[in-house]
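Listed here are the chains, written in short residue letters.
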Amino acid sequence: MTAYDFDFLKYINRQNQGRSGRDEKTGFGEYAFAGDLRVLRRLDRLRPVRIVVEATVRFWKAVQKNALLGSSVKVNRRQFPELHNLVVECAETLDIAVPTVYVAQNLASLNAGTYGTDDEAFIVLNSALVDRLSAEELKFVIGHECGHIQNNHVVYHTAANFLSQGVITFVKWAAVPARLALNGWSRRGEITCDRAGLICCRDEQVALKVMMKLALGSEKLFEQIDLDEYLSQVDGIKEGVGRFQEYLASHPYLPKRVQALQLFAKSAYFRELIGERGGEALDEVDRDVEKVIQVM
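In what follows, the accompanying structure is described. (Residues numbered from 1 in each chain as written. Predicted model: local features only at pLDDT ≥ 70, side-chain atom pairs only at ≥ 80, totals over all residues. Heavy atoms only, no water.)

## A look at the packing of helix α8 (residues 204-216) against helix α13 (residues 254-265)
Following both chains from N to C, one finds α8 and α13 inclined at 175°, their axes separated by 11 Å at the closest point. Classified by the angle their axes make, α8 and α13 are roughly antiparallel. In this structure, α8 contributes E204, A207, L208, M211, M212, L214 and A215 to the contact, and α13 contributes L254, R257, V258, L261, Q262 and A265. Classifying every residue of the contact of α8 with α13 gives 10 nonpolar, one polar and two charged. (Axes fitted to C-alpha atoms, helices over the stretch in contact; angles between N-to-C directions. Helix = DSSP H or I, 4+ residues; strand = E, 2+ residues; numbered from the N terminus. Parallel < 35°, antiparallel > 145°, perpendicular 65-115°, else oblique. Contact = heavy atoms within 4.5 Å. Nonpolar A, V, L, I, M, F, W, Y, C, P; charged D, E, K, R; others polar.)

If you want it as structure tokens, here you go:
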């Protein structure tokens, strides 16, 4: 794995207005959630995680990559050009190379994922997602997945996904401690990538609409949802033993992600990107977000 200097992310001036590139010191997106960086820097030190990550890379190259290529359709200028243009726009906004994207046949699940290795990453969009989201909404999803690439999440993200599916079974002794460690990081990594998605679509309401659709899986019911009422569910999550289920999950509960994204949308960092003034410093926002997403 590549070594990086994971010092606390500092807010820096952007030379290219309207873009969000890498922080020169950390090598990660300038917008990245500090909790993501703090936990990520510890993963390489954990032997179970190193073993599982190595097994993941071997399994990906030997098996899963071929399964992906054989069951999905590549997005490029000749196939799905409109979708390809959205990918290019997101890559340019985040100042990364245009990633390889595939559409997989899945009409039942609004989902997307990023898999592979640091040298060869693939974004997979389920066909249901492409069918049900507008172009601006897809920008949020594609931007989120590009955030995994920009912030060097890909191998760890793939390992966490394989563990959740029970794919990596030949390192059983390491599976449980590795899964807990990876999921603890992954919940914070999702906050970083939600920010990448918002930076790409540049519209808080569009981003929130996508999240509500992911929560419901229904366009019809979406029109009847009350955001404030939905967010009130967070209070219930903080109570009872049920909160321990989230401890085993790779994603924060969606109401928490919504609250975290709303906090970022009010940050000075994001407001400057969209040509507005005011807002809190990013480190202050990060402290508030950590309180929102904490599990224990």
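There is more to say after this.
## Here we look at a nonpolar patch on the surface
Where nonpolar side chains cluster on the molecular surface, the patch consists of V176, L180, Y247 and L248 and spans about 350 Å² of accessible area. Note on placement: V176 falls in helix α7 (residues 172-201). A residue is classified by how much of its surface remains accessible, and V176, at 57% relative accessible area, is exposed. (Patch = residues over 30% accessible without salt bridge, like charges linked within 9 Å, V, L, I, M, F, W, Y side chains within 5 Å. Areas by Shrake-Rupley, 256 points an atom, 1.4 Å probe, with all protein chains shown as cover. Salt bridge = Lys/Arg side-chain N within 4 Å of Asp/Glu carboxyl O. Buried < 20%, exposed > 50% of the residue type's maximum accessible area, 1.4 Å probe, protein only.)

## What about helix α1 (residues 34-43)?
The element α1 is largely enclosed, with a buried count of seven among its 10 residues. Looking only at α1, the buried set comprises A34, G35, D36, L37, V39, L40 and L43.

## Some points on the nonpolar core
With 49 residues, the main nonpolar core has L125 and I142 as its most contacted residues. Those residues in contact with L125, other than ones at most four positions away along the chain, are L83, V101, Y102, V103, A104, N111, A112, V130, V141 and I142. (Core = buried A, V, L, I, M, F, W, Y, C linked by side-chain atoms within 4.5 Å.)

## Some words on the pattern of salt bridges
Enumeration over the complete set of coordinates arrives at 10 salt bridges. A salt bridge links R195 to D286, with the nearest nitrogen and oxygen atoms 2.7 Å apart. Taken together, the residues R195 in helix α7 and D286 in helix α15 (residues 282-293) connect sequence positions 91 residues apart. Judged on exposure class, the residue R195 and its partner D286 are both buried. Among the salt bridges present, the one from E276 reaches R271, with a minimum N-O distance of 3.7 Å. For R271, a relative accessible area of 25% puts it in the partly exposed group. Shared partners join several salt bridges into a network, and the residues in it are R38, R188 and E290.

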